[in-house]
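For reference, the chains in residue letters:
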Amino acid sequence: MNRMETADLKKTVALLLHKQKGLLAMDESTSTCNKRFEALGIPQTEEYRRKYRELIVTTPGLEESISGAILFDETINQSITDGTLMIDVLKQKGIVPGIKVDEGAVPLDRFPGEKITEGLDGLGKRLADYYAKGARFAKWRAVINIGEGIPTITAIKTNAYNLARYAVLCQQAGLVPIVEPEVLMDGNHSLQQCSEVTHQVLHAVFNALFDQHVEFEGMILKPNMVLPGLESPVQDSIDVVADATVNCFLRCVPAAVPGIAFLSGGQSGQLASERLNAMHIRFKDKMPWELTFSFSRAIQQPALEAWKGDDNNVAIAQKLLYHRAWCNSMARQGLYKPEMEKEIPDQL
Ligand code: 13P
């Protein structure tokens, strides 16, 4: 890479890792979005998905807490009611537009219960098109399951290889890669098991990134927090989770990586904020990278439930979205307090 290209990537990274802000993942694939709509009785059509994304991008003050928003391919081509492209609405607010570029996880042949993420074929061309449309960063999610005899080293290495290949292509195209290896919360595994698997996965991912000459300064890691499985009989305290998570990263994530932005993975909004906040309080000044959020459900869920597909509920849904984003902005600074859950700012 030449110096100019590196400087551009670093500029985008600096905008995304603003000290008071984090990322909003609004890149649910059509099937994931439809599943969430179905659960709330919202029609599963392109127009309703457009309306919902319009609600999100037009939320007043969203840019106070959100530095970048990850879009899905359908959304990057859509406009809000007045005809402005969604991507331009984000840019006008100073929110950096990003794009999900993986094509989803499919079963990994001969490895029951494991998955591999697809989407490398033709990716260079797609990235060039997204850059031309205004995207400045991208996302690729790999999925790792914990269960009986899994994950296997094959699943970990194959996913790590693909993540690294994607990351190189992004940097070549001028987009900052968000590298997302997600160890899922499903199952009854312990926090210790999640810690061991996350450790192994991160080592494999960084080895692959190193082997393929990814520039660490021009990427962001999007990992899971280290958590007990959703069905685990032991649900560890916020401080135990915070310590296990940051200690795992201190061992596995090079200091040259500028930032870590968590996925929420199915935690409640409040827990996700509390855990991120605790990490900042307990590891203040001890972390070499920025530590922030890149949540979908833990920001959007209350807004989606309030909206229910009804135009009359847009204003209240936007207040709830603003509020969750703000709680996470506070957590990202170690300033979050559970009492804030009741403070829906009324300037809206
Ligand atoms: P959640 O925060 O809902 O886990 O989604 C984040 C994400 O972008 C998953 O790829």
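Scoring rules and cut-offs
- Residues numbered from 1 in each chain as written.
- Predicted model: local features only at pLDDT ≥ 70, side-chain atom pairs only at ≥ 80, totals over all residues.
- Heavy atoms only, no water.
- Helix = DSSP H or I, 4+ residues; strand = E, 2+ residues; numbered from the N terminus.
- Contact = heavy atoms within 4.5 Å.
- Areas by Shrake-Rupley, 256 points an atom, 1.4 Å probe, with all protein chains shown as cover.
- Lys, Arg positive; Asp, Glu negative; His and termini not counted.
- Charge placed at Lys NZ, Arg CZ, Asp CG, Glu CD.
- Expected span 1.5 Å × (residues − 1).
- 1 Å grid on protein atoms, 1.4 Å probe; cavity = no way out; pocket = protein on both sides within 12 Å on 5 of 7 lines; lining within 4 Å.
- Points joined across faces, edges and corners; volume = space filled by probe spheres on them.
- Near = heavy atom within 4 Å.
- Polar contact = N/O pair within 3.5 Å; in protein donor to acceptor, adjacent residues only side chain to side chain.
- Sits in = over half its atoms within 2 Å of the grid points.
- Nonpolar A, V, L, I, M, F, W, Y, C, P; charged D, E, K, R; others polar.
- Buried < 20%, exposed > 50% of the residue type's maximum accessible area, 1.4 Å probe, protein only.

A. Main features of the overall build of the protein. Scanning the protein from N- to C-terminus turns up twelve helices and ten strands. Projected onto its principal axes, the C-alpha positions of the protein cover 50 × 45 × 40 Å. Taking contacts inside the protein between residues at least 6 apart in sequence as the whole, the part at least 24 apart equals 78%. By element, 51% of the accessible surface of the protein is carried by carbon and sulfur atoms, the whole surface being about 14500 Å². Separation between the mean location of the 37 positive side-chain charges and that of the 43 negative ones in the protein comes to 3 Å.

B. Region of the structure containing helix α7 (residues 153-173). The terminal C-alpha atoms of α7 lie 30 Å apart, and with 21 residues this matches the ideal 30 Å at 1.5 Å per residue to within 8%. Of the residues flanking the end of α7, it is G174, one or two places downstream, whose phi is positive at about 85°.

C. Just the layout of surface pockets, in detail. Here the largest pocket defines a volume of roughly 860 Å³. Around the largest pocket sit 35 residues that line it, and S29, T32, R36, K100 and R141 are the ones nearest its centre. Those elements giving two or more residues to the lining of the largest pocket turn out to be α2 (30-39), β5 (115-117), α6 (123-133), β6 (137-144) and β7 (176-183). Among the elements that line the lining of the largest pocket, the one with the most residues is α2, at four residues.

D. The arrangement of the site of the ligand in detail. Close to the ligand lie 13 residues, the nearest being K139, K222, S264, G265 and R297. At 2.6 Å, a backbone N or O of G265 approaches an oxygen atom of the ligand. Taken atom by atom, the bulk of the ligand overlaps the largest pocket. Of all the secondary structure elements, the ones that give two or more residues to the shell around the ligand are β6 and β10 (290-295). Of the residues contributing to the shell around the ligand, the split by class is three nonpolar, four polar and six charged.

E. Fine view of helix α10 (residues 269-283). Here α10 is 15 residues long and its end C-alpha atoms lie 22 Å apart, about the 21 Å a rise of 1.5 Å per residue gives. Counting buried positions over the 15 residues of α10 gives eleven, a clear majority of the element. Among all positions of α10, only G269, A272, S273, E274, R275, L276, N277, A278, M279, H280 and F283 are buried. Close packing links the buried residues of α10 with α9 (238-252), β9 (259-262), β10, α11 (297-307) and α12 (314-332). D285 sits one or two residues past α10 and shows a positive phi near 65°.

Remember that the coordinates give geometry; whether it matters functionally is a separate question.
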